[in-house]
Amino acid sequence: MTTLITTIFFFFGAFFILVSAIGLVRFPDLYARMHAVTKATSFGLLLLIIGTAIFFNTGAVWIKALLVAVFIYLTAPLASHSIAQSDKKWEKEESEGN
Amino acid sequence: METISNIALLPIFGMLLLAFLLAFFRMLKGPEITDRIVAMDMIASVTMAFILSYSILVNKAIYFDIVIVISLISFIGTVAVSTYLKQKK
């Protein structure tokens, strides 16, 4: 039963990562691409981490899974914000240079 | 502890490999440098997913530590490159 639940979690996590990679290639704009990539880091990886924790089901793995999930959810918005800010500055300087 | 058969893990590895190839294509092609940073972030996520799947495949929980380290290093790398771009004249 545990292996079935783990397989379902892993299948959906890998599926969402694949969908966000397709979005990374197909979308036309930087902001749309960032919108697609956020799905992979937040939703797909969360499903994979929960699946791994359910599969091993020991205290240390659950604590590590909680640590990684909290860290990803805290730092993904910071990284996205930093990328968008640098892109805005980059665009402004390019238009001023020309 | 029972193990998952390799046949169940095969499509998961296939999907992750395809996602890695698509992100790598975007990293090679990306018109702006910020697109490349986004693709690099995506590649770090796909690598973390690969290592989680591999830890299920070989049935060892010690591989979870690699995921912690990659999540730390990927965040620091993304912030470092974008801060460098922000301060560049």
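Residues numbered from 1 in each chain as written. Chains lettered and ligands numbered in written order. Predicted model: local features only at pLDDT ≥ 70, side-chain atom pairs only at ≥ 80, totals over all residues.

1. Points about the overall build of chain A
And then number 1: Looking only at helices and strands, one finds 3 helices and 0 strands in chain A.
And then number 2: Ordered by position from N to C terminus, the α and β elements of chain A give α-α-α.
And then number 3: Expected size for 98 residues packed as a compact globule is a radius of gyration near 13 Å; at 17 Å, chain A overshoots this value by more than 25%.
And then number 4: Along the first, second and third principal axes, the C-alpha set of chain A runs to 60 × 25 × 10 Å.
And then number 5: Burial status across chain A gives 39% buried among its 98 residues. (Helix = DSSP H or I, 4+ residues; strand = E, 2+ residues; numbered from the N terminus. Rg over C-alpha atoms; globule rule 2.2 N^0.38 Å. Buried ≥ 20, exposed ≤ 12 C-beta atoms within 10 Å, placed from the backbone.)

2. What to know about the packing of helix α1 (residues 2-26) of chain A against helix α2 (residues 33-58) of chain B
And then number 1: Direction vectors running N to C along α1 of chain A and α2 of chain B enclose 160°, while the axes themselves pass 11 Å from each other. Relative to α2 of chain B, α1 of chain A is oriented roughly antiparallel. For the pair α1 of chain A and α2 of chain B, the crossing hand works out as left-handed. Each of Thr6, Phe10, Gly13, Ala14, Ile17, Ala21 and Leu24 of chain A in α1 of chain A lies in contact with α2 of chain B, whose residues at this interface are Ala39, Met42, Ser45, Val46, Ala49, Ser53 and Ile56 of chain B.
And then number 2: Class assignment of the residues belonging to the contact of α1 of chain A with α2 of chain B gives a composition of 10 nonpolar, 4 polar and no charged. (Axes fitted to C-alpha atoms, helices over the stretch in contact; angles between N-to-C directions. Parallel < 35°, antiparallel > 145°, perpendicular 65-115°, else oblique. Left-handed = near helix turned anticlockwise from the far one by under 90°. Contact = placed C-beta atoms within 7 Å. Nonpolar A, V, L, I, M, F, W, Y, C, P; charged D, E, K, R; others polar.)

3. Some remarks on unusual backbone geometry
And then number 1: Phi at Asn57 of chain A takes a positive value of approximately 60°, unusual for a residue other than glycine.
And then number 2: Judged by the 13 C-beta atoms lying within 10 Å of it, Asn57 of chain A falls in the partly exposed class.
And then number 3: Although it is not a glycine, Asn59 of chain B sits at a positive phi angle of roughly 60°.
And then number 4: The class of Asn59 of chain B is partly exposed, set by 13 C-beta atoms lying within 10 Å.

4. Focus on α2 of chain B
And then number 1: For α2 of chain B, built from 26 residues, the straight-helix expectation of 38 Å at 1.5 Å per residue is met to within 8% by its first-to-last C-alpha distance of 37 Å.
And then number 2: Downstream of α2 of chain B by a residue or two, Asn59 of chain B has a phi angle that is positive, lying close to 60°. (Expected span 1.5 Å × (residues − 1).)

5. Section: the confidence of the model for chain A
And then number 1: Confidence along chain A averages 88 in pLDDT terms, with 95% of residues attaining 70 or more.
And then number 2: The least confident element of chain A is helix α3 (residues 59-97) of chain A, whose mean pLDDT is 85; the most confident is α1 of chain A, at 91. (pLDDT = per-residue confidence, 0-100.)

6. Points about the nonpolar core
And then number 1: Ranked by size, the top nonpolar core spans 45 residues in total, and within it Ile17 of chain A together with Leu16, Ala19, Ala23, Met42, Val46 and Ala49 of chain B carry the most contacts.
And then number 2: At the level of elements, α1, α2 (30-56) and α3 of chain A together with α1 (6-29), α2 and α3 (64-87) of chain B are the ones that each hand at least two residues to this core.
And then number 3: The element contributing the most residues to this core is α2 of chain A, with 11 residues.
And then number 4: Once residues within four sequence positions are removed from consideration, Ala23 of chain B is found in contact with Ala21 and Leu24 of chain A together with Ala39, Met42, Ile43 and Val46 of chain B. (Core = buried A, V, L, I, M, F, W, Y, C linked by C-beta atoms within 7 Å.)

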